[in-house]
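Residue-level structure breakdown
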Amino acid sequence: MLPFELSLQEVGAKLRSKELSVTELVDASYKRIAETDDTLKAFITLNEDEARKQAGKLDQELANGEAQGALFGLPAGIKDNIVTEGLLTTCASQFLKNYNPIYDATVTRKLRAAGTVTIGKLNMDEFAMGGSNENSSYFPTRNPWNPDYVPGGSSGGSAAAVAAGQVYFALGSDTGGSIRQPAAYCGIVGLKPTYGLVSRFGLVAFASSLDQIGPLTKNVEDAAHVLQAIAGYDEKDSTSANVVIPNYSEALTGDVKGLRIAVPKEYLGEGIDPRVKEAVMNALKTYESLGAVWEEVSLPHTEYAIATYYLLASSEASSNLARFDGVRYGVRAENPENLLDLYRKSRSQGFGPEVKRRIMLGTYALSSGYYDAYYLKAQKVRTLIKQDFDQVFEKYDLVIGPTAPTTAFRIGEQVGDPLTMYLNDICTIPVSLAGIPAISIPCGQADGLPIGMQIIGKAFDESTVLRAAHAFEANTEFHKQRPSL
Amino acid sequence: MSITLKDVEHVANLARLELSDAEKAQFTEQLNAILKYAEKLNELDTDNVEPTSHVFELVNVMRDDVQKESLPIEKVLLNAPDEEDDQIKVPAVIE
């Protein structure tokens, strides 16, 4: 059995009893990567020398009997838009192919303090724009369940690496579904925390009012522990929430009796694969049998969420990506005629088609004469979408539905049709616009590809989301299914 | 509203992007499709709706104006594509 199939407690116990060392865990990670990554292509950059050095240091700490936390010694993968000091951070873009960060993101620093080992940087859609990893400017990552299929995105490398057992857990980022959708497609657990719960300092910004970092793990308990390590106020992020952080693993009681679940009819209507719907309905029966109650509700503005999202996210992206001008870092175009030409050429050579498309859309939506019609209108509709959730949460504890309308699609199937690609995010985007937390957990399969269920909670109520997800896991076997690689 | 090739050229200039003719044609078509889809939002009356720029109430974060240690110059220049005399070098701005 791979050491990554052991629970956190088992790994901790074996480390303490010297049955297992951090060096062995790190070795297992690189061995698995050597075996599987020619097929999967989950990693852009490996951190092998540094990781082995760090493992040696951590083993020394173990030998000295120093106290260790729950994540001590675990090999972790980091999405390549989270900066890591001294380790290339490319955002899967040609523009940043040589970018060597001079500081750590707050989450990277926190994981280091928790004793995890960074194995490498994970592939993604360029600048997190996309839902299939086909927008990586290096290579597409493949789905561990079937390499002809996408792993989802934009945190596709993170999801594939965890599903394939290349790392114990990974960090991803989620702007409109980029943690939850790949977690669903790869049959693992992915948590998008409440906006502001986890510091964005050192996350290369895509859409600042939506971006949030979160864990991708094999089970809910691991997600609770990783969230515990990375959550919390950070003075370096002006949108960081100053809230009391509860003990998330204490919330995993297995008890969902009396829990009130709302099931939006818009998430199970037209465009949803009937097999996905069936898997979610079966999951609701499981909750019923555990003493929870569910009712159908309406989130009437759901159908406006995608248009709202693409206007807002692209507008924010066009502003955020203005910093990539080829002056201070990144790849500078050769032989520019003047400074303006340097900006233009560097950006045009450095950005891929989807990034350019969104910069164009966002610049247009913010440009003189169109701001009210597009950007302001979308901000107002965002209010209506948020109010939909506020109203439902007056009566219910959680909202449950599918994470994505279908299972993973074939590589190449939706390229060239950006609008269809955008529609894959219909169930995750409204949640991002409302800023509330949601987890995707496996709840079935169709044709050998995993199906994800999305559990959505009130702002800063990750505890109830995790409790419900854990109770489902404790009574089902879906999270134990692994791809054969 | 529909986007013309000229609009695309104007927006590309604002965004400091240099597009090939093929890219211009493709973006004209795709942006029109996306914006046509976005017109769906006009079905909603939002006259009395406040815009959400941020989901939770935020106050501006201030800090004391205290001098702190700066980054060492080697670190600042680590990723600079071109440098001279501890400064980042760009093409001449003033003729």
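Residues numbered from 1 in each chain as written. Chains lettered and ligands numbered in written order. Predicted model: local features only at pLDDT ≥ 70, side-chain atom pairs only at ≥ 80, totals over all residues. Heavy atoms only, no water.

The name given to chain B in an unreviewed UniProt entry is Aspartyl/glutamyl-tRNA(Asn/Gln) amidotransferase subunit C, and the organism recorded there is Paenibacillus montaniterrae. Listed under Subunit (unreviewed entry) in UniProt, the entry text for chain B is "Heterotrimer of A, B and C subunits." Listed under Sequence similarities (unreviewed entry) in UniProt, the entry text for chain B is "Belongs to the GatC family." (UniProt positions renumbered as here; feature names shortened; annotations may be inferred.)

Chain A goes by Glutamyl-tRNA(Gln) amidotransferase subunit A in an unreviewed UniProt entry, where it is assigned to Paenibacillus montaniterrae. Of the comments in the UniProt record for chain A, the one headed Catalytic activity (unreviewed entry) reads "L-glutamyl-tRNA(Gln) + L-glutamine + ATP + H2O = L-glutaminyl-tRNA(Gln) + L-glutamate + ADP + phosphate + H(+)". Its UniProt record gives chain A the following Sequence similarities (unreviewed entry) comment, quoted word for word: "Belongs to the amidase family. GatA subfamily."

A look at the overall build of chain A
Secondary structure assignment for chain A yields 15 helices and eleven strands. The principal-axis extents of the C-alpha atoms in chain A amount to approximately 65 × 55 × 45 Å. Out of the 485 residues belonging to chain A, those deemed buried represent 66%. Summarising the internal contacts of chain A: among those between residues at least 6 apart in sequence, 75% fall at separations of at least 24. A total of about 16,000 Å² of accessible surface is found on chain A, and carbon and sulfur atoms cover 48% of it. Counting 46 positive and 57 negative side-chain charges, chain A places the averaged centre of each group 3 Å from the other. (Helix = DSSP H or I, 4+ residues; strand = E, 2+ residues; numbered from the N terminus. Buried < 20%, exposed > 50% of the residue type's maximum accessible area, 1.4 Å probe, protein only. Contact = heavy atoms within 4.5 Å. Areas by Shrake-Rupley, 256 points an atom, 1.4 Å probe, with all protein chains shown as cover. Lys, Arg positive; Asp, Glu negative; His and termini not counted. Charge placed at Lys NZ, Arg CZ, Asp CG, Glu CD.)

Regarding the UniProt feature "active site" (unreviewed entry) in chain A
Residue and element names in this part refer to chain A. UniProt records the feature "active site" (unreviewed entry) for K79, S154 and S178 in the present numbering. For the annotated residues, spread through 100 residues, the largest C-alpha to C-alpha distance comes to 11.0 Å, consistent with a single compact locus. Of the annotated set, the members that line the largest cavity are S178. Relative to the helices and strands, K79 resides in strand β2 (residues 75–79). Relative accessible area serves as the criterion here: at 0%, K79 is assigned to the buried category. Those residues in contact with K79, other than ones at most four positions away along the chain, are K121, L122, M124, A128, S154, S155, S158, L171, G172, S173 and S178. Summarising the element assignment, S154 is placed in the loop between β3 (117–122) and α5 (156–163). S154 has contacts with K79, N123, M124, D125, A128, M129, G130, G131, N133, S173 and S178, leaving out every residue within four places of it along the chain. (1 Å grid on protein atoms, 1.4 Å probe; cavity = no way out; pocket = protein on both sides within 12 Å on 5 of 7 lines; lining within 4 Å.)

Notes on empty space enclosed by the protein
Scanning the entire structure with this criterion turns up four cavities of 30 Å³ or more. Of the voids in this model, the largest cavity is the one considered here, and its volume is about 80 Å³. Forming the walls of the largest cavity are 13 residues, and the residues nearest its centre are G130, S178, Y309, Y310 and D425 of chain A. Each pocket or cavity is described by its volume, and for the second largest cavity that value is around 40 Å³. In this structure, the second largest cavity is lined by A307, Y310, L311, L361, L419 and Y422 of chain A together with I34, Y37 and A38 of chain B. Sorting the residues of the lining of the second largest cavity by element identifies α9 (305–320) and α13 (418–423) of chain A together with α2 (21–38) of chain B as the ones contributing at least two each. Here the lining of the second largest cavity is built from residues that sort into nine nonpolar, no polar and no charged. (Points joined across faces, edges and corners; volume = space filled by probe spheres on them. Nonpolar A, V, L, I, M, F, W, Y, C, P; charged D, E, K, R; others polar.)

Here we look at the nonpolar core
Residue and element names in this part refer to chain A. In terms of nonpolar packing, the biggest core is built from 162 residues, with F127, L171, Y287, F389, I455 and L466 touching the most fellow members. The residues contacting F389, other than those within four sequence positions of it, are Y267, L299, P430, V431, A434, I436 and I456. One finds Y185, A408, F409 and M421 within the second-largest nonpolar core, a separate group that totals nine residues. (Core = buried A, V, L, I, M, F, W, Y, C linked by side-chain atoms within 4.5 Å.)

A short note on the UniProt feature "domain: Amidase" (unreviewed entry) in chain A
UniProt's feature table lists "domain: Amidase" (unreviewed entry) at residues 24–466 of chain A, given in the numbering used throughout. Helix makes up 37% of residues 24–466 of chain A and strand 14%. Its end C-alpha atoms lie 30 Å apart.

Some words on the pairing of strand β9 (residues 398–402) of chain A
Residue and element names in this part refer to chain A. Most of β9 is tucked away: five of the five residues are buried. One ladder, built from two bridges, connects strand β7 (residues 260–264) with β9; its direction is parallel. By the bridge assignment for β9, I261 is matched with L398. Pairing of β9 with strand β11 (residues 449–457), which is carried by five bridges, proceeds in the antiparallel orientation. Bridging across to β11, V399 finds its partner in I456. (Pairing = 2+ DSSP bridges.)

A short note on the packing of aromatic side chains
All names here are of chain A. Summed over the entire model, instances satisfying the criterion amount to 19 aromatic pairs over all chains. Ring geometry for Y309 versus Y310: centroids 4.8 Å apart, planes at 85°, classification edge-to-face. Each member of the pair Y309 and Y310 is classed as buried. Between Y364 and Y374 the ring centres are 5.9 Å apart and the planes differ by 50°, which places this aromatic pair in the tilted class. Taken together, the residues span a long stretch of sequence, with Y364 in helix α11 (residues 353–366) and Y374 in helix α12 (residues 372–395) at a distance of ten residues. This pair shows no difference in class: Y364 is buried, exactly as Y374 is. (Phe/Tyr/Trp six-rings, centres within 6.5 Å; stacked < 30°, edge-to-face > 60°.)

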